[in-house]
Amino acid sequence: MAISDRLLRYAESRKNLTGCVCGLAGLGLALTGTAGPLWPLVVAGLYGAGALIAPPERPAAPAFADPAEQLDALRADLATLRGYLAEVELPPAAHGRLTELDTLLGALLEPGWVSDPEHLRILGRAVRQDVPEAVDAFVRSRWWTRAVPGKEPPERHLERQLAALHGEAETIADALHEAEARRQETHTRYLEDRGR
C-alpha cells in the first residue's frame, strides 16, 4: 500500500509533470527528425532534465482555526459557564462583581470585536479556566470556613479574583475602544483632506 501511495504521489508531483512536458518536447523533436536515431535517449534525457529542474514539492501549510471559529467556540463555552454559575449560590457583593464581569465578557465576545489572538487567549482563559476555578474554590472554601470558623472569609478572595479578571477584560475593552477611536479619527481626516 505504501509503494502505491508513493507512486501516486510521484505521478502527481511537479517533478514528474515537468519531466513529462520536457519528454513530450523530446518526442516532438524525434517526430520532426531533429533527434535522429538516438531519439529514445533524447526523450529520456529531457524527461530527466525536466524532473531535475522542477521545484521540489512543499508541504501544505497547516490550516488553523480562524478567529471567527474560535469566537463561536468561546461563546458556546461562555453559555456553558453561565449555566454553571446560575446554580452556584454567591454572596451579593461577589454576585454583583460576577454579573459585571459576565456582561463585559459577553460584550467582548460579540461578533466583530475581538480578533487579536492574544485577546482571544486571555478571554478564553478567563471563561474556560479562571472564572470556574475562582467560583469552585470559593464554594469549596466556604464549606471549610463553616466547619472551621475564624479564618479569612473566602468571599474576599473571590471578590479580589473577580476584580482582577474584570481588570483584564477592561484592558481589552480599552484597547478595542482606542482602536475604534483611531479608526474614526483617521476616517475624519481622510474625509476632510478629500474635501480640500
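Residues numbered from 1 in each chain as written. Predicted model: local features only at pLDDT ≥ 70, side-chain atom pairs only at ≥ 80, totals over all residues. Heavy atoms only, no water.

Some words on the environment of Val-88
In step 1: Locating Val-88 in the fold gives a position in the loop between helix H4 (67–86) and helix H5 (92–108).
In step 2: Looking at Val-88, the relative accessible area reads 15%, which means it is buried.
In step 3: When the C-alpha positions of Val-88 and Ala-49 are compared, they lie 73 Å apart, and in sequence the two are 39 residues distant. (Helix = DSSP H or I, 4+ residues; strand = E, 2+ residues; numbered from the N terminus. Buried < 20%, exposed > 50% of the residue type's maximum accessible area, 1.4 Å probe, protein only.)

A look at the nonpolar core
In step 1: Grouped together as the largest cluster of nonpolar side chains are 30 residues, with contacts concentrated most on Leu-108, Leu-123, Val-131 and Leu-158.
In step 2: The set of elements that each furnish at least two residues to this core consists of H4, H5, helix H6 (117–147) and helix H7 (154–194).
In step 3: Sort the elements by how many residues they give to this core and H6 lands first, with nine residues.
In step 4: If sequence neighbours within four positions are ignored, Leu-123 has contacts with Leu-74, Leu-105, Leu-108, Leu-109, Val-114 and Ile-172. (Core = buried A, V, L, I, M, F, W, Y, C linked by side-chain atoms within 4.5 Å. Contact = heavy atoms within 4.5 Å.)

Here's the deal with a nonpolar patch on the surface
In step 1: A cluster of nonpolar residues, Leu-24, Leu-27, Leu-31 and Trp-39, forms a patch on the protein surface that exposes about 450 Å² of accessible area.
In step 2: Take the nonpolar patch: its biggest share by element is three residues, from helix H2 (residues 14–32).
In step 3: Of note, Trp-39 is situated in helix H3 (residues 39–53).
In step 4: Take Trp-39: its relative accessible area is 40%, and that puts it in the partly exposed class. (Patch = residues over 30% accessible without salt bridge, like charges linked within 9 Å, V, L, I, M, F, W, Y side chains within 5 Å. Areas by Shrake-Rupley, 256 points an atom, 1.4 Å probe, with all protein chains shown as cover. Salt bridge = Lys/Arg side-chain N within 4 Å of Asp/Glu carboxyl O.)

Brief notes about the packing of H2 against H3
The axes of two packed helices give the description: the angle between them and the distance between them.
In step 1: Running from N to C, H2 and H3 cross one another at 150 degrees; their axes reach a closest spacing of 7 Å. The angle between H2 and H3 places the two elements in the roughly antiparallel class. Of the two elements, H2 crosses H3, and the hand of that crossing is right-handed. Mapping the contact onto sequence places Lys-15, Asn-16, Thr-18, Gly-19, Cys-20, Cys-22, Gly-23, Ala-25, Gly-26, Leu-27, Leu-29 and Ala-30 in H2 and Trp-39, Val-42, Val-43, Leu-46, Tyr-47, Gly-50, Ala-51 and Leu-52 in H3.
In step 2: A class-by-class count of the residues in the contact of H2 with H3 yields 13 nonpolar, six polar and one charged. (Axes fitted to C-alpha atoms, helices over the stretch in contact; angles between N-to-C directions. Parallel < 35°, antiparallel > 145°, perpendicular 65-115°, else oblique. Left-handed = near helix turned anticlockwise from the far one by under 90°. Nonpolar A, V, L, I, M, F, W, Y, C, P; charged D, E, K, R; others polar.)

Examining the packing of H5 against H7
In step 1: At their nearest, the axes of H5 and H7 sit 9 Å apart, and the two run at 25 degrees to each other. Relative to H7, the element H5 is oriented roughly parallel. By crossing handedness, the relation of H5 to H7 is classed as left-handed. Here H5 contributes Ala-93, Ala-94, Arg-97, Leu-98, Glu-100, Leu-101, Leu-104, Leu-105 and Leu-108 to the contact with H7, which in turn contributes Leu-158, Glu-159, Leu-162, Ala-163, Leu-165, His-166, Ala-169, Glu-170, Ile-172, Ala-173 and Leu-176.

Digging into the confidence of the model for the protein
In step 1: Taken residue by residue, the protein gives an average pLDDT of 86. The fraction at 70 or more is 94%.
In step 2: Mean pLDDT across the elements of the protein bottoms out in helix H1 (residues 2–11) (79) and peaks in H5 (91). (pLDDT = per-residue confidence, 0-100.)

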